[in-house]
Amino acid sequence: MRERDWEDLVHRYLDGIATKEETEQLSRQLEPGEGARLKYLHTADLHGILTTKEEFHEPVSNSASSRRH
């Protein structure tokens, strides 16, 4: 499997849009190699951090920033 295809598969899984077949394919890819599992865990960790930041990020409104000046 090409690197880009594997990354797309991981991201589809983490985004919750992977099909059953894609989930099974990812599972098969992770079983034999520690390197693949570590890469998956790293990607999942980053995904979680980015997802959390998006959920709690409150953009500064223009009115709030203009009051400071």
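For the structure, check the block above.
Residues numbered from 1 in each chain as written. Predicted model: local features only at pLDDT ≥ 70, side-chain atom pairs only at ≥ 80, totals over all residues. Heavy atoms only, no water.

1. Observations regarding the overall build of the protein chain
Then, number 1: A tally of helices and strands in the protein chain yields four helices and zero strands.
Then, number 2: Split into buried and exposed, the 69 residues of the protein chain put 14% on the buried side.
Then, number 3: Of the roughly 5,700 Å² that the protein chain leaves accessible, carbon and sulfur atoms contribute 52%. (Helix = DSSP H or I, 4+ residues; strand = E, 2+ residues; numbered from the N terminus. Buried < 20%, exposed > 50% of the residue type's maximum accessible area, 1.4 Å probe, protein only. Areas by Shrake-Rupley, 256 points an atom, 1.4 Å probe, with all protein chains shown as cover.)

2. Observations regarding the pattern of salt bridges
Then, number 1: On inspection of all chains with the given rule, the structure shows five salt bridges.
Then, number 2: Here Arg4 makes a salt bridge to Glu7, at a shortest N to O gap of 3.5 Å. Taken together, the positions of Arg4 and Glu7, both in helix 1 (residues 3-14) and three residues apart, correspond to about one turn of that helix.
Then, number 3: On the basis of relative accessible area, Arg4 is assigned to the exposed category, the value being 52%.
Then, number 4: For Glu7, a relative accessible area of 26% corresponds to the partly exposed category.
Then, number 5: Ionic pairing is found between Arg4 and Asp8, a salt bridge with its closest N-O pair at 3.6 Å. You can see Arg4 and its partner Asp8 sitting in helix 1, four residues apart, about one turn around the helix. (Salt bridge = Lys/Arg side-chain N within 4 Å of Asp/Glu carboxyl O.)

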